[in-house]
Amino acid sequence: MRLGIPLAYSGGFKEAVAGLRDFEAAGVDIVFVAELYSFDAVSQLGYIAASTNRLGIASGILPLYSRTPTLTAMTAAGLDYVSDGRFTLGIGASGPQVIEGFHGVPYDAPLGRTREVVEICRQVWRREQVVHDGRYYQVPLPADRGTGLGKPLKIINKPVRDRIPIVLAAMGPKNVELAAEIAEGWEPIFFHPEKARDVWGPSLAAGQARRDPALGPLDVVVATPVAIGDDVEHLHDLARPMLALYIGGMGARGRNFYNDLARRYGYEREAKLIQDLYLEGRKEEAAAAVPAELLRATSLIGPKGYVRERLNALAAVGVTTLNVTLLAHTHAEQVASVELVRELLP
């Protein structure tokens, strides 16, 4: 099982990147950089590539709507080049609040667009002339939709790799099935190992039945908070506001994918209550309504033996990359947490 961390830079970006050298030495394999309606992830990933030697770097995630498919491919090839082949392209659909509200483009056909973006990216990395006549993307642009001067082109530079790993962030049944079919990796959210097979198993099986063997085994990337010790139970509450935000406030009623996931986990009553409270502006009450069982199942917080058991449970359902948010206070304590997790990994 690989060990990753998300880049956390509330105390300063350059300071956080300097600290990555210690995490790299402690056994972290890969660092993930998010892109929401924040600073872009690409500039930060380039800085990290120049500041580290072994550490893998990954976008976690780039929204597929905010760039053309060829720009996404060029960006991935560029980051792979400056990092000497250490980049992983994490992409996903994001959601209509961000895509339409911040980027100002329609949020439509996430499944179809994802498949076509992946196809175009791989065509670019193979240095083929890019010709794609899809339902959502046409490259070159047809003559009747532009000047008529567009012609097939291939990327000028030679990419370091003609197959940069792609990780798809996906939650819904069809999205997960697509990830298992076409991507090197899959990134779920709020991963509950005891319920994973029931919620995602059929989708993963259907996708893997059509999977190209050349892709290799599916890399399952799971994010989780971590705190190891005898007096850390209270730290579960740190995850309450985020879970309440996603389950309650990410999207409107009937269009909240995270709320749907909580319901599929069996928390139908709790998911409705969290959403009702959150949309009424009662955010603290919404956070308090997050089930304790869900908090425990989706985290690694507790004594050493307990965390080892939870890691084994994750491994048993196919998790291959663990992306840990370290809840220790100081940098030295966080590095020590990494070393301890590394020791406990199956």
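Our structure's up above, just so we're on the same page.
Please read these numbers as outputs of a predicted model, since none were measured by experiment.

Thresholds, definitions, all that
- Residues numbered from 1 in each chain as written.
- Predicted model: local features only at pLDDT ≥ 70, side-chain atom pairs only at ≥ 80, totals over all residues.
- Heavy atoms only, no water.
- Helix = DSSP H or I, 4+ residues; strand = E, 2+ residues; numbered from the N terminus.
- Buried < 20%, exposed > 50% of the residue type's maximum accessible area, 1.4 Å probe, protein only.
- Contact = heavy atoms within 4.5 Å.
- Lys, Arg positive; Asp, Glu negative; His and termini not counted.
- Charge placed at Lys NZ, Arg CZ, Asp CG, Glu CD.
- Patch = residues over 30% accessible without salt bridge, like charges linked within 9 Å, V, L, I, M, F, W, Y side chains within 5 Å.
- Areas by Shrake-Rupley, 256 points an atom, 1.4 Å probe, with all protein chains shown as cover.
- Salt bridge = Lys/Arg side-chain N within 4 Å of Asp/Glu carboxyl O.
- Core = buried A, V, L, I, M, F, W, Y, C linked by side-chain atoms within 4.5 Å.
- Phe/Tyr/Trp six-rings, centres within 6.5 Å; stacked < 30°, edge-to-face > 60°.
- Lys NZ or Arg CZ within 6 Å of the ring centre and 35° of its normal.
- 1 Å grid on protein atoms, 1.4 Å probe; cavity = no way out; pocket = protein on both sides within 12 Å on 5 of 7 lines; lining within 4 Å.
- Points joined across faces, edges and corners; volume = space filled by probe spheres on them.
- Nonpolar A, V, L, I, M, F, W, Y, C, P; charged D, E, K, R; others polar.
- Bend = angle between axes of the 7 residues up to and from the residue.
- Pairing = 2+ DSSP bridges.
- Right-handed = clockwise from strand over helix to strand, strands pointing away.
- Axes fitted to C-alpha atoms, helices over the stretch in contact; angles between N-to-C directions.
- Parallel < 35°, antiparallel > 145°, perpendicular 65-115°, else oblique.
- Left-handed = near helix turned anticlockwise from the far one by under 90°.

Colleague: What am I meant to see in the overall build of the chain here?
Modeller: A count of helices and strands for the chain gives 14 helices and 12 strands. For the chain, the spread of C-alpha atoms along the three principal axes comes to 65 × 45 × 40 Å. With 346 residues in all, the chain has 50% of them scored as buried. Excluding contacts between residues fewer than 6 apart, the proportion of contacts in the chain whose partners are at least 24 apart in sequence is 74%. Separation between the mean location of the 37 positive side-chain charges and that of the 40 negative ones in the chain comes to 5 Å.

Colleague: Got a minute to help me understand a nonpolar patch on the surface in this structure?
Modeller: Together, L36, Y37 and F102 give the surface a local cluster of nonpolar side chains, amounting to about 370 Å² of exposed area. Locating Y37 in the fold gives a position in the loop between β2 (30–33) and α2 (41–51).

Colleague: Would you explain the nonpolar core in this entry?
Modeller: It is characteristic of soluble globular proteins that their nonpolar side chains tend to be buried jointly. Membership of the largest hydrophobic core comes to 95 residues, with the highest contact counts inside it found for L20, L89, W125, W186, F191, W200 and L322. The element best represented in this core is helix α5 (residues 110–125), accounting for six residues. For L20, the contacting residues outside a window of four places in its chain are I5, L7, V31, I48, T52 and L55.

Colleague: I tried to follow the packing of aromatic side chains on my own but got confused; where do I start?
Modeller: The geometry of an aromatic ring pair is captured by the separation of the ring centres together with the interplanar angle, meaning the angle of the planes. Using the criterion set out here, one finds 12 aromatic pairs in the structure. Seen in terms of ring centroids, Y9 and F13 are 5.6 Å apart; in terms of plane orientation they differ by 90°. Their pairing is edge-to-face. Between Y65 and Y107 the ring centres are 5.1 Å apart and the planes differ by 35°, which places this aromatic pair in the tilted class. Here the residue Y65 occupies a position in the loop between β4 (62–63) and α3 (69–82), and Y107 occupies one in the loop between α4 (96–101) and α5, the gap between them amounting to 42 residues. Using a relative accessible area of 13% as the deciding quantity, one classes Y107 as buried. Put simply, the rings of W186, F191, W200 and Y265 touch in pairs and so form one group of aromatic residues. The residue whose ring lies beneath R113 is Y137, and the NZ or CZ to ring-centre distance is 5.2 Å. Geometry around Y267 places K195 over its ring, the cationic atom sitting 5.8 Å from the centre.

Colleague: I would appreciate a short explanation of empty space enclosed by the protein in the present structure.
Modeller: To find the voids left in a structure, one rolls a probe of water-molecule size over its atoms. Across all of its chains, the model carries two cavities of 30 Å³ or more by this definition. Put simply, the largest cavity is a space of about 70 Å³. Residue lining of the largest cavity: F191, P193, V222, A223, T224, A297, T298, S299, L300, R310 and L314, and that is the complete set. When residues of the lining of the largest cavity are traced back to their parent elements, those giving at least two are β10 (219–228) and α13 (304–316). With three residues, β10 is the single largest residue contributor to the lining of the largest cavity. Partitioning the lining of the largest cavity into residue classes produces seven nonpolar, three polar and one charged. Contributing to the lining of the second largest cavity are F190, L243, I247, Y258, L261, A262, Y265 and L294. Residue assignment for the lining of the second largest cavity shows that the elements contributing at least two residues are α8 (240–249) and α9 (257–264). In terms of residue count, α9 provides more of the lining of the second largest cavity than any other element does, three residues in total. Of the residues that constitute the lining of the second largest cavity, the class distribution is eight nonpolar, no polar and no charged.

Colleague: Even after reading the chapter, I still don't get helix α7 (residues 193–209), so can you show me in this structure?
Modeller: When the local axis directions of α7 are compared, the greatest deviation, roughly 60°, occurs at W200, which is followed within four positions by the proline P202. Residues of α7 that are buried include every one of P193, A196, V199, W200, S203, L204 and G207, and no others. The elements touched by buried residues of α7 are α6 (173–182), β9 (185–187), α9, α12 (292–297) and α13.

Colleague: How should I be thinking about the pairing of strand β5 (residues 87–92) in this particular structure?
Modeller: Put simply, side chains in a regular strand alternate between the two faces of the sheet. Taken across its six residues, β5 has six buried, putting it largely inside the fold. Burial of β5 is two-sided: the residues F87, L89 and I91 facing one way and the residues T88, G90 and G92 facing the other way are all buried. Bridging between strand β3 (residues 56–59) and β5 involves two bridges; their strand directions are parallel. Opposite I57, over in β5, you have F87 as the bridge partner. Taken together, β4, α3 and β5 constitute a β-α-β crossover, and its handedness is right-handed.

Colleague: Before we go on, may I ask you to explain the packing of helix α1 (residues 13–26) against α2 in this structure?
Modeller: A packed helix pair is summarised by two numbers, namely the angle formed by the two axes and the spacing between the axes. One can describe the packing of α1 onto α2 by two numbers: an axis separation of 10 Å at closest approach and a directional angle of 40°. When the axes of α1 and α2 are compared, the pair comes out oblique. The interaxial crossing formed by α1 with α2 has right-handed handedness. Packed against α1, whose contacting residues are F13, K14, V17, L20 and R21, the element α2 presents Q44, Y47, I48 and S51 at the interface.

In short, the description is geometric, and any link to function would need to be established separately.
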